[in-house]
Amino acid sequence: MRDEMISQDGQPVISIENADMFQWDDAADVVVVGYGGAGICAALELVENGASVIAIDRFNGGGATAFSGGVVYAAGTDIQRQNGVEDDPDNMLKYLRLEVGDVVQPETLKRFCDQSAGNLQWLQSHGVVFGTKLYTGKTTYPPEGYFLQYSGNEKVEAYCRDAKPAPRGHRTLGRGFTGNKLYRALRETADRSAIRKKLHTIVQSLVVDGDGRVVGVAALELPAAKHAEHQKYYDKFPPTAPFKESKAETASKAARVMEREHGQLRYIRAKTGVILSTGGFVFNLDMLGQHAPMLSKHYKTMMRLGTLGDDGTAVQLGTALGADTVGMDAMFVGRVQSPPAALLDGILVNQTGDRFANEAVYVGTLGRAIAAQPEGKAWLIMSTKDIRKAMRQVATDGLDAFMRFGAPAMLNLMLGGTKRARDLDVLAEKCGINPNRLRQTVRRYEDMVRNRHDDDFSKLKDHLKSLGNGPYVAMNVSLANRYSFITFHTLGGLALEEATGAVRRADGSTIAGLYAAGRATGSIPSRTYISGLSLADCVFTGRRAAQSCLREAEQDALAPA
Ligand SMILES: Cc1cc2nc3c(=O)[nH]c(=O)nc-3n(C[C@H](O)[C@H](O)[C@H](O)COP(=O)(O)OP(=O)(O)OC[C@H]3O[C@@H](n4cnc5c(N)ncnc54)[C@H](O)[C@@H]3O)c2cc1C
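These numbers were taken from a predicted model, which means no experiment stands behind them.

Asks: Talk me through the overall build of the chain; I want residue IDs and the actual numbers.
Replies: In terms of helices and strands, the chain carries 18 helices and 23 strands. Counting over 561 residues, the chain shows a buried share of 60%. A separation of at least 24 residues holds for 76% of the contacts in the chain among residues at least 6 apart in sequence. Total accessible area on the chain is roughly 22,000 Å²; 50% of this is exposed by carbon and sulfur atoms. Distance between charge centroids for the chain: 9 Å, based on 67 positive and 63 negative side chains.

Here it is as structure tokens:
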């Protein structure tokens, strides 16, 4: 029987008659596939409540979580209270309704908000330390020493009408991007528990019994002697490294070859359930081409915010069993406009010369707006006076802000195809924009500056400033310009029964024994991402899937034999 199975090797679904009769290599109550943020939360929740767990990862574990900014979104927390911030889950819900829309059911979003402070505390109780100092300015990521921030569009006029702005981005304590600290704390706790890890093990199939229930997985396990070499492919291309995409693609293919050549096929039984938490699919070019053709076309000049492990495994396996998907076309596209803050004083226009966004919104909102323009082309029009101001800010914002934001902005200014001209007509010609249209756009903007209100996009008054009478500069912030450093990652994934985290089909029925969590799923951030929402969702969905498995195991134990 097992030999017959091996002939199905590589297929996303392997069928067996009876799990009890099959010769497994290993077994646990629950098999967690993908040991990043969502996976480790699920595994901890399970093991601490008495379940046996095998956690499998294609690489060393950690995934995008360990490279992240370590910001977790929550309301009604002690850290907010310490800073005198008045906020609660209802206020968070009012704000998130505007961002999240109907991508999840209203009651799911409410549960997410209600549980957010508790989930933050849960992270703390598992060793994660969040800093406390509040940053009130507008920023993509708080400067060193600050740990509570307005991490989305909370202060933008259109969002303030419904919800009182509050800082909800809780950043893990440390320097720079602190997702590594967050993951390390969880991992140290997990390493002291009974969770059994199988690293450098690549899940390639779900094993399904005669009743259609998922009863295990088939995986390629690399021998220990190959782990370091395999991990090197992964470590060489951290998500934030610029100009890496072509080489990362070569490494991704080489890793696959090694996995096929040296991986030994293992069958691992899941007595209660399999939780898929394999992250997104930004490193799967076929899937990207299908769901985000514009980004797939320009991926070499952009930065994929993910790891080689964001390979779309969960969606491929789940859909092979008939699962539905949610938000597969939704992408986080990030364009950092500030720091330096003076760059917020310019206006963004597309190739037809039309302004298309509030220039001072959250990076993700701005990036998405750029990606939605024809051919993803956009220009930031500024006065040379403001450019000089931006350069002074870059010099004084501090080393960390310089490395992360200032240097890329200056590189773009110098190497990204910036155009300069004394008047708007010449500038428009140099950019290939219709001069009349650009003049009209600027005239309208100047009128709104005089009236102190941006009727078109509600730009913050602090940045609603005149462009002057020239000379002007146009910075190229298009997707095809590698110096505009536009980042992206995927947001959608497997459709879930939202009360349990069970993977569901389009007709609403669930696939027995199969759960999913994190960016492998269609969940809270699957329409819009703001900083902190994904990690918060990993905790929410990871723990939810685990609790559902625990309930299922309990019911099985109670059922008559
Ligand atoms: C630079 C950066 C900064 C970010 N900052 C923030 C932030 O501050 N706040 C926030 O909320 N979000 C942030 N994000 C987004 C967030 O980090 C991710 O969306 C989130 O960590 C995804 O978690 P996950 O558990 O779903 O997947 P991951 O953490 O990526 O884990 C998935 C794991 O599955 C494994 N895997 C894949 N395929 C297989 C397979 N076939 N078999 C076995 N294992 C497999 C992978 O190796 C990986 O370890 C950031 C992302 C980046 C890249």
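Asks: Provide a residue-level description of the sheet that holds strand 7 (residues 169-171), including the pertinent values.
Replies: As a general point, the strands of a sheet are linked pairwise by backbone hydrogen bonds and lie either parallel or antiparallel. A sheet is described by the order of its strands in space; here 4 strands give the open sequence 4-7-6-5, paired in mixed fashion. Every interior strand has two partners, whereas the edge strands, strand 4 (71-73) and strand 5 (134-135), have only one. Inspection of the sheet shows strand 4 paired to strand 7 by 3 bridges, in the antiparallel sense. Considered in strand 7, the bridge of Val71 is made with Arg171.

Asks: Can you explain the packing of helix 2 (residues 37-47) against helix 7 (residues 179-191)? Please cite residues and give values.
Replies: Packing of helix 2 against helix 7 leaves a shortest axis separation of 10 Å and a crossing angle of 30°. Accordingly, the angle class assigned to the pair helix 2 and helix 7 is roughly parallel. Of the two possible hands of crossing, helix 2 and helix 7 adopt the one that is left-handed. Taken together, the residues of helix 7 that come into contact with helix 2 (itself represented by Gly37, Ile40, Cys41 and Leu44) are Tyr183, Leu186, Arg187, Thr189 and Ala190. Of the residues that constitute the contact of helix 2 with helix 7, the class distribution is 6 nonpolar, 2 polar and 1 charged.

Asks: Pulling in residues and values, what's your account of helix 8 (residues 227-235)?
Replies: Those residues of helix 8 that sit buried are His230, Gln231 and Tyr234. Angular distribution of buried residues about the axis of helix 8 spans 95°; they occupy a single face of the element. Summarising the geometry of helix 8, the exposed residues directed more than 90 degrees from the buried face are Ala228 and Lys232.

Asks: Hey, could you go over the pattern of salt bridges for me, with residue numbers and the actual values?
Replies: The full count for this structure, using the stated rule, is 34 salt bridges. Note that Lys164 and Glu86 form a salt bridge whose closest N and O atoms lie 3.4 Å from each other. Of this pair, Lys164 sits in the loop between helix 6 (157-160) and strand 7 while Glu86 sits in the loop between helix 3 (78-82) and helix 4 (89-100), and the two are 78 residues apart along the sequence. Judged by relative accessible area, Glu86 falls into the exposed class, the value being 60%. One salt bridge in this structure joins Lys465 and Asp345, with 3.5 Å as the shortest N-O distance. You can see Lys465 sitting in the loop between helix 17 (435-451) and strand 18 (472-476) and its partner Asp345 sitting in the loop between strand 14 (331-334) and strand 15 (347-350), a full 120 residues away along the chain.

Asks: Which residues make up the packing of helix 2 against helix 18 (residues 533-558), and what values go with them?
Replies: Where helix 2 meets helix 18, the closest approach of the two axes is 7 Å, and the angle between their N-to-C directions is 35°. For the pair helix 2 and helix 18, the crossing hand works out as right-handed. Contact residues: helix 2 offers Gly37, Ala38, Cys41, Ala42, Glu45 and Leu46, while helix 18 offers Cys538, Val539, Gly542, Arg543, Ala546, Gln547, Cys549 and Leu550. Here the contact of helix 2 with helix 18 is composed, by residue class, of 9 nonpolar, 3 polar and 2 charged.

Asks: Please give an account of the site of the ligand that cites residues and values.
Replies: Neighbouring residues of the ligand: 40 residues in total, closest Asp57, Thr65, Arg519, Ser534 and Leu535. Between the ligand and the protein, one listed contact pairs an oxygen atom with a backbone N or O atom of Gly63 at 3.3 Å. Contact distances for the ligand include 3.3 Å between an oxygen atom and a backbone N or O atom of Gly532. Isolated, the ligand exposes 1,000 Å² of accessible area, and the fraction of that covered by the protein chains is 96%. Elements with a minimum of two residues in the shell around the ligand: helix 2, strand 9 (201-208) and helix 18.

Asks: Give a detailed account of the sheet that holds strand 18, specifying residues and quantitative values.
Replies: With antiparallel pairing, 4 strands are arranged side by side in an open sheet as 15-16-18-17. Of all the strands in the sheet, the pair left with one neighbour each is strand 15 and strand 17 (419-421). Averaged over neighbouring strand pairs, the angle between their axes works out to 25° when direction is ignored. Taken together, the 5 bridges between strand 16 (residues 378-383) and strand 18 define a ladder with antiparallel strand orientation.

Asks: I'd like to hear about the domain arrangement of the chain, residue by residue, with values.
Replies: Structurally, the chain comprises domain 1 (2-65 + 193-332 + 490-556), domain 2 (71-171) and domain 3 (336-484). Of note, the centres of domain 1 and domain 2, computed from C-alpha atoms alone, are 28 Å apart. The partner domain 2 presents 25 residues to the 23 residues of domain 1 that form the contact. Note on domain 1 versus domain 2: buried area summed over both sides is about 2,100 Å², and carbon and sulfur give 65% of it. When residues of domain 1 are sorted by the area they lose upon contact with domain 2, Glu498, Ile524 and Phe540 head the list and together hold 29% of the total. Joining domain 1 to domain 2, the criterion identifies 0 salt bridges. The interface formed by domain 1 and domain 2 contains 11 residue pairs in polar contact (both at pLDDT 80 or more). When contributions to the side of domain 1 that touches domain 2 are tallied by element, the ones reaching two or more residues are helix 2 and helix 18. Top element by residues in the side of domain 1 that touches domain 2 is helix 18. It accounts for 8 residues.

Asks: How would you sum up unusual backbone geometry? Please name residues and give values.
Replies: Residue Gly470 is joined to Pro471 through a cis peptide bond whose omega torsion reads -5°. Along the polypeptide, Pro471 turns up in the loop between helix 17 and strand 18. At Glu375, a residue that is not glycine, the phi angle is positive and equals roughly 60°. Along the chain, Glu375 turns up in the loop between helix 13 (363-371) and strand 16. Positive phi outside glycine occurs at Arg452, with the angle close to 60°. Tracing the sequence through the fold places Arg452 in the loop between helix 17 and strand 18.

Asks: Report on the packing of aromatic side chains, specifying residues and quantitative values.
Replies: The geometry of two aromatic rings is summed up by the distance between their centres and the angle between their planes. Under the counting rule described, the total for this entry stands at 13 aromatic pairs. Between Tyr135 and Tyr146 the ring centres are 5.1 Å apart and the planes differ by 70°, which places this aromatic pair in the edge-to-face class. Highlighted residues: Tyr135 in strand 5 and Tyr146 in the loop between strand 5 and strand 6 (148-149), separated in sequence by 11 residues. With centroids separated by 5.6 Å and ring planes inclined at 70°, the aromatic side chains of Phe243 and Tyr483 adopt a geometry described as edge-to-face.

The rules behind the values
Residues numbered from 1 in each chain as written. Predicted model: local features only at pLDDT ≥ 70, side-chain atom pairs only at ≥ 80, totals over all residues. Heavy atoms only, no water. Helix = DSSP H or I, 4+ residues; strand = E, 2+ residues; numbered from the N terminus. Buried < 20%, exposed > 50% of the residue type's maximum accessible area, 1.4 Å probe, protein only. Contact = heavy atoms within 4.5 Å. Areas by Shrake-Rupley, 256 points an atom, 1.4 Å probe, with all protein chains shown as cover. Lys, Arg positive; Asp, Glu negative; His and termini not counted. Charge placed at Lys NZ, Arg CZ, Asp CG, Glu CD. Pairing = 2+ DSSP bridges. Axes fitted to C-alpha atoms, helices over the stretch in contact; angles between N-to-C directions. Parallel < 35°, antiparallel > 145°, perpendicular 65-115°, else oblique. Left-handed = near helix turned anticlockwise from the far one by under 90°. Nonpolar A, V, L, I, M, F, W, Y, C, P; charged D, E, K, R; others polar. Arc of directions from axis to C-beta. Salt bridge = Lys/Arg side-chain N within 4 Å of Asp/Glu carboxyl O. Near = heavy atom within 4 Å. Polar contact = N/O pair within 3.5 Å; in protein donor to acceptor, adjacent residues only side chain to side chain. Domains from an automatic or database assignment. Buried area = accessible area lost by both parts, 1.4 Å probe. Phe/Tyr/Trp six-rings, centres within 6.5 Å; stacked < 30°, edge-to-face > 60°.

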